[in-house]
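Each chain, written out:
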Amino acid sequence: MTVQSTTSTAPAEQTAASGITPDRIAGIHHITAFAATAKENLAFYTNVLGLRLVKQTVNFDDPGTYHYYFGDYHGRPGSILTFFPIEHAAPGRGGTGEVAATTFAVPRGSLEFWRQRLAGAGVQDVVTETRFGSEVLTFSDHDGTSLELVEVTPGESGTAPAGATTSPSSGVPAGQAIGGFFGATLRVRDIADTGSLLTGTFGYEVQATEGRRTRYVAAAPASEAGRYLDVVTDGLNARLQAGAGTVHHIALRVSDDASQQRFSDRLSRRGYQVTEQRDRSYFRSVYFRERGGVLFELATDGPGFATDEPVEALGGALKLPNWLERGRREIAAALPAIS
Ligand code: ZN
């Protein structure tokens with residue numbers, strides 16, 4: 001395998017005080033997938049991976065289904081993996097147009113801890129790969145959702161901010177805990193369209209290519225979580241079939257409504273069908289499908305998960321948007337039992 005590094009050719013641009021360039025994507029905001037059982041989903045991501053349940057709500061478009069948000073202690077953008085657990089959902093099948101893997105960052109030196117922890121939890125087929133010179137632990141949850149762990153040093157993408165413990169009850173020591181996303185892998189048939197969207201519209205740069213995998217990096221400070229998107233064209237020609245264990249969409253971060261609007265306009269000018277803005281309570285979103293088939297969302301950083309409950313209580317109670325509150329009793333009664 002050869003690794004070709006390419007150097008940046010992008011012109012220098014003004015950056016905000018945060019170091020994030022307003023009209024370039026800062027990285028992944030969240031990733032949303034389908035699961036088959038709420039109870040198992042909750043147990044795996046909190047007890048085994050040690051993430052914090054930062055919000056329990058329902059699918060706003062289908063209130064009979066939970067919507068779980070897992071992330072770091074504060075629920076920061078860039079750490080959020082969310083699920084619609086649809087009881088007894090049929091398994092999906094991977095293919096082109098999918099988010100093929102979600103990659104979390106763990107502190108350097110902790111992969112052995114994770115190998116043992118996953119084995120102890122009965123996770124099968126934990127495989128170590130070497131990718132762009134780094135070891136990557138690949139495995140799946142009980143529904144087949146592809147997950148990866150990669151080691152990072154402090155200051156690299158996905159490093160946990162100081163004091164950002166995840167789920168204290170999980171028993172994962174802070175020195176081994178997942179910080180946030182390192183990145184994700186998109187599978188497409190042809191890299192041209194997806195690649196030009198990332199570089200031409202979103203400000204990503206090609207960092208390296210290894211075989212049929214090209215790594216794109218967002219124009220954000222090195223420590224921002226979820227800076228990396230790998231695009232693979234591995235010869236799989238069947239289209240993604242949605243179902244348990246597959247990702248529904250990937251959301252990228254925009255700083256605010258104005259930035260989101262500029263991206264929407266830019267996408268529309270380039271022929272993409274972008275939805276109107278939707279209020280997701282914890283962020284505001286627009287959606288579009290890119291030409292490789294992947295469903296993208298652009299989500300604002302604010303208002304965040306502490307908008308309807310304090311940080312220390314995140315995830316502790318079922319939260320509903322105002323327009324669903326009047327049906328709370330019926331909605332809660334229809335949700336699957338989890339304890
Ligand atoms: Zn979303």
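Here is what the cut-offs are and how they apply
- Residues numbered from 1 in each chain as written.
- Predicted model: local features only at pLDDT ≥ 70, side-chain atom pairs only at ≥ 80, totals over all residues.
- Heavy atoms only, no water.
- Pairing = 2+ DSSP bridges.
- Helix = DSSP H or I, 4+ residues; strand = E, 2+ residues; numbered from the N terminus.
- Contact = heavy atoms within 4.5 Å.
- Axes fitted to C-alpha atoms, helices over the stretch in contact; angles between N-to-C directions.
- Core = buried A, V, L, I, M, F, W, Y, C linked by side-chain atoms within 4.5 Å.
- Buried < 20%, exposed > 50% of the residue type's maximum accessible area, 1.4 Å probe, protein only.
- Polar contact = N/O pair within 3.5 Å; in protein donor to acceptor, adjacent residues only side chain to side chain.

Colleague: Tell me about the sheet that holds strand β16 (residues 283-289), and name the residues and values.
Modeller: The 8 strands are arranged β3-β4-β5-β2-β14-β17-β16-β15 in an open sheet whose pairing can be described as mixed. Of all strands in the sheet, those bounded by a partner on one side alone are β3 (52-59) and β15 (278-279). Sheet topology note: the β3/strand β4 (residues 62-71) ladder contains 7 bridges and is antiparallel. Of the residues in β4, the one forming a bridge with Arg-52 is Gly-71. Against the sheet, helix α1 (residues 38-48) makes contact with β2 (28-35), β3, β4 and β5 (80-85), and its axis sits at roughly 10° relative to β4, the strand it touches most.

Colleague: Help me get a handle on the nonpolar core, residues and values and all.
Modeller: The biggest cluster of nonpolar side chains holds 63 residues, and the ones touching the most others in it are Leu-49, Phe-202, Ile-250, Leu-252 and Leu-298. In terms of residue count, α1 provides more of this core than any other element does, 5 residues in total. The contacts of Leu-49, once residues within four sequence positions are left out, are Phe-44, Trp-114, Leu-118, Phe-139, Leu-147, Val-172 and Ile-178. Within the second largest apolar cluster, 9 residues are counted, among which are Val-54, Phe-283, Ala-299 and Phe-305.

Colleague: A description of helix α3 (residues 191-201) should follow, citing residues and the corresponding values.
Modeller: Those residues of α3 not exposed but buried are Thr-194, Gly-195, Leu-197, Leu-198 and Thr-201. Elements that come into contact with the buried residues of α3 comprise β10 (181-187), β12 (213-217), β13 (228-232), α4 (257-269), β16 and β17 (295-303). Where α3 begins, one side-chain oxygen reaches toward the backbone nitrogen of Ala-192, 2.9 Å away; that side chain belongs to Asp-190. Following α3 by one or two positions, Gly-203 has its phi on the positive side, about 80°.

Colleague: Report on the side chain of Asn-41, specifying residues and quantitative values.
Modeller: Among the structural elements, Asn-41 can be located in helix α1. Using a relative accessible area of 0% as the deciding quantity, one classes Asn-41 as buried. Apart from the residues lying within four places of it in its own chain, the contact partners of Asn-41 are Ala-35, Tyr-68, Phe-70, Phe-83, Pro-85 and His-142.

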